[in-house]
Amino acid sequence: MKEKTIAIVNQKGGVGKTTTTLNLGREMEQDGKKVLLIDFDPQGSLSLALGIDSEEIPTIADLMSLEMQDQTLPEKEKIIQRVKGIDLIPSNIVLSAAEVSLVNTTCREMILKSILQQYQHGYDYVLIDCGPSLGMLTINALTAADSVLIPASPEYLSAKGLELLLQSIAKIKRKLNPNLGIEGILLTMVQERTNLSREIIAMIEEAYGKLYIYNSKIPRSVAVGSAVLKNVSIMEYQKNNKAAQAYHSFAQEVMNHE
């Protein structure tokens, strides 16, 4: 199987992008896949969730800086952190400065793609956890990716925001990455018993039914946040939890939905 690069994107914060990246990556790894996670958010949430202190080690911002200056990138061993069988290129707030520098860089949308060409070989999946924005970093992620996975919570603003995101994806597909596909929409933080939740889910399914909407829907659960605080996936923290079961089913869907 050819390696597949998936960008996990939604410009709205708090919809579960980092949690989804962490749990999807862990489930893929448990299934025997080789996975590389890229923390591409200046907040560094994925690095923190995996217990990595990115203050003292090289990060994706260092690679961006080297690539922008057309300098040689370090060997895999010097940049990739291994956490319980999963590989990570970490991030921190310095990535914000790298994003500002991108503005005056030649081929600025292609920087991450060039970096990944050096590091992605040997992996079944590369998952890019993007920050809550449609700025230059997210454009880089979409240009580097084979497909986009969109976590969305069943709230009105999240549903409306999908439209803007889909327009941006279409533009990048047209101008920068003709092979970019949409993996699917994952509904997160679902409270199935509330009318609002049901109505918004129905609205999303009606409006975006032509896109793949995962059968697995991630229920709202306090345990998901607790697991992140303990630097483990929800399955490792509480495997019988409904959210753990949902993430397991979701990962199977992603791996089977080729």
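One can find the structure itself at the top, above this paragraph.
Rules and cut-offs
- Residues numbered from 1 in each chain as written.
- Predicted model: local features only at pLDDT ≥ 70, side-chain atom pairs only at ≥ 80, totals over all residues.
- Heavy atoms only, no water.
- 1 Å grid on protein atoms, 1.4 Å probe; cavity = no way out; pocket = protein on both sides within 12 Å on 5 of 7 lines; lining within 4 Å.
- Points joined across faces, edges and corners; volume = space filled by probe spheres on them.
- Helix = DSSP H or I, 4+ residues; strand = E, 2+ residues; numbered from the N terminus.
- Nonpolar A, V, L, I, M, F, W, Y, C, P; charged D, E, K, R; others polar.
- Buried < 20%, exposed > 50% of the residue type's maximum accessible area, 1.4 Å probe, protein only.
- Core = buried A, V, L, I, M, F, W, Y, C linked by side-chain atoms within 4.5 Å.
- Contact = heavy atoms within 4.5 Å.

Visitor: How do you make sense of the layout of surface pockets when you look at a structure like this?
Guide: It is the rolling of a water-molecule-sized probe over the atoms that shows where space remains empty. Reported here for the largest pocket is a volume of approximately 260 Å³. Elements supplying a minimum of two residues to the lining of the largest pocket: α1 (17-30), α2 (45-49), β5 (125-130) and α10 (222-229). Each residue belonging to the lining of the largest pocket can be placed in one class, and the counts come to eight nonpolar, seven polar and three charged.

Visitor: What exactly am I supposed to notice about unusual backbone geometry here?
Guide: Both trends apply: most residues other than glycine have a negative phi, and most peptide bonds are in trans. The backbone of K84 shows a phi angle near 50°, a positive value even though the residue is not glycine. Tracing the chain through its elements places K84 in the loop between β3 (81-83) and β4 (86-89). Judged by relative accessible area, K84 falls into the partly exposed class, the value being 49%. Residues other than glycine seldom take positive phi values, yet N231 does so here, at roughly 60°. For N231, the location among the structural elements is in the loop between α10 and α11 (234-237).

Visitor: Would you explain the nonpolar core in this entry?
Guide: A general tendency of soluble globular proteins is for nonpolar side chains to be buried together. Among the nonpolar cores identified, the biggest contains 51 residues, and I38, F40, I60, M64 and I89 are the most heavily contacted of them. Residues contacting I60, with those up to four places away along its chain left out, are I38, D39, F40, I89, P90, S91, L95 and L112. Grouped together as the second largest cluster of nonpolar side chains are 31 residues, V35, L50, Y214 and V224 included.

Visitor: In this structure, what is going on with the environment of A7? I would like to understand it.
Guide: Mapped onto the secondary structure, A7 falls in strand β1 (residues 4-8). For A7 and I38, which are 31 residues apart along the polypeptide, the C-alpha to C-alpha distance reads 9.3 Å. Apart from the residues lying within four places of it in its own chain, the contact partners of A7 are I128, C130, A141, L142, A145, S147, V148 and L149.

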